Amino acid sequence: NICRSPMGEAVLRDVAKKRGVDLVVDSCGTSAYHIGEDPDQRTAFDLSKTKHKVPISCVGRQVRESDYTTFTHILAADESNLRQLLRVKPEDSTAHIRLWGSYLDNKPIPDPYYGGNDGFEQVYQQCIKLSNAFLDAVVEQGEQ
């Protein structure tokens, strides 16, 4: 989780802050890839002080059982991640687990890792829209 997850975390936190919403946001992956790593440099650049001015500071980690009771919502970037999150969900889970895109257009967030810089910008723009849609539904309308 060095591309979509940290970008989504940073963007959602930034959008919430700008809207005056106090929100705890974290990101993780469903697999053990990139544990302990910083975000991909293209993710960091796209969010950087010179481009979008969105602060980012996270380290890759894998989803933990405690995440299912610590957080109210767990948002999956795509259907594959959603299936994996639901597969390992503990019985005592209290989190609402959904495809992030289900709050807007049901579209997954594409993985920009193997593409060019334009893919990271597209993911950034999608994360802005998804963050606003999520906050509209959950915070302002009280949806779960």
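Provided above is the structure to which this section pertains.
Residues numbered from 1 in each chain as written. Predicted model: local features only at pLDDT ≥ 70, side-chain atom pairs only at ≥ 80, totals over all residues. Heavy atoms only, no water.

Here the focus is the packing of aromatic side chains. All told, the structure shown has two aromatic pairs when counted by the stated rule. Note on Tyr 103 and Phe 134: the rings are 5.1 Å apart at their centroids and 90 degrees apart in plane angle, and the pair reads as edge-to-face. Here Tyr 103, found in the loop between strand E2 (96-99) and helix H5 (117-140), pairs with Phe 134, found in helix H5; they are 31 residues apart in sequence, far enough to count as distant. Residue Tyr 103 shares its accessibility class with Phe 134, and that shared class is buried. Seen from their ring centres, Tyr 113 and Tyr 114 are 4.8 Å apart, and the 90 degrees between their planes marks the pair as edge-to-face. Relative accessible area serves as the criterion here: at 30%, Tyr 113 is assigned to the partly exposed category. Since its relative accessible area comes to 76%, Tyr 114 is described here as exposed. In this structure, Arg 42 is placed above the aromatic ring of Tyr 113, and the distance from its NZ or CZ to the ring centre is 5.4 Å. (Phe/Tyr/Trp six-rings, centres within 6.5 Å; stacked < 30°, edge-to-face > 60°. Helix = DSSP H or I, 4+ residues; strand = E, 2+ residues; numbered from the N terminus. Buried < 20%, exposed > 50% of the residue type's maximum accessible area, 1.4 Å probe, protein only. Lys NZ or Arg CZ within 6 Å of the ring centre and 35° of its normal.)

If you look at soluble globular proteins, the nonpolar side chains tend to sit buried side by side. If you look at the biggest cluster of nonpolar residues, it comprises 26 residues, and the most contacted ones within it are Met 7 and Trp 100. Listing elements by their share of this core, those giving two or more residues are helix H1 (4-18) and H5. When residues of this core are assigned to their parent elements, the largest contribution, ten residues, is made by H5. Here Trp 100 is in contact with Gly 8, Leu 12, Leu 75, Ala 76, Ile 109, Cys 127, Leu 130, Ser 131 and Phe 134, once residues within four sequence places are set aside. (Core = buried A, V, L, I, M, F, W, Y, C linked by side-chain atoms within 4.5 Å. Contact = heavy atoms within 4.5 Å.)

The next subject is the packing of H1 against H5. For the pair H1 and H5, the least separation of the axes is 9 Å and the interaxial angle reads 45 degrees. Classified by the angle their axes make, H1 and H5 are oblique. The interaxial crossing formed by H1 with H5 has right-handed handedness. Counting all contacts with H1, which are made through Met 7, Gly 8, Val 11, Leu 12, Val 15 and Ala 16, the residues of H5 involved are Phe 120, Val 123, Tyr 124, Cys 127, Ile 128, Ser 131, Asn 132, Phe 134 and Leu 135. Its residues placed into classes, the contact of H1 with H5 shows twelve nonpolar, three polar and no charged. (Axes fitted to C-alpha atoms, helices over the stretch in contact; angles between N-to-C directions. Parallel < 35°, antiparallel > 145°, perpendicular 65-115°, else oblique. Left-handed = near helix turned anticlockwise from the far one by under 90°. Nonpolar A, V, L, I, M, F, W, Y, C, P; charged D, E, K, R; others polar.)

Before going further, it helps to spend a moment on the pairing of E2. Where burial is concerned, the two faces of E2 differ: the one with Ile 97 and Leu 99 is buried and the one with His 96 and Arg 98 is not. This β-α-β element, strand E1 (residues 73-76) to helix H4 (residues 79-87) to E2, shows right-handed connectivity. (Right-handed = clockwise from strand over helix to strand, strands pointing away.)

This next bit is on the side chain of His 52. Within the secondary structure layout, His 52 lies in the loop between helix H2 (41-47) and helix H3 (67-70). A polar contact is formed between the side chain of His 52 and the side chain of Glu 121, at a distance of 2.8 Å. With residues near it in sequence (within four places) discarded, His 52 still touches Asp 46, Leu 47, Glu 121, Tyr 124 and Gln 125. (Polar contact = N/O pair within 3.5 Å; in protein donor to acceptor, adjacent residues only side chain to side chain.)

The end-to-end C-alpha distance of H5, which contains 24 residues, comes to 34 Å, matching closely the 34 Å that a straight helix rising 1.5 Å per residue would cover. Following H5 by one or two positions, Gly 142 has its phi on the positive side, about 70 degrees. (Expected span 1.5 Å × (residues − 1).)

Time to look at the state of the cysteines. Counted by the stated rule, this structure contains zero disulfides. Free cysteine: Cys 58, not disulfide-bonded; nearest cysteine sulfur from Cys 28 at 11 Å. On the accessibility criterion, Cys 58 (15% relative accessible area) is buried. (Disulfide = S-S within 2.5 Å.)

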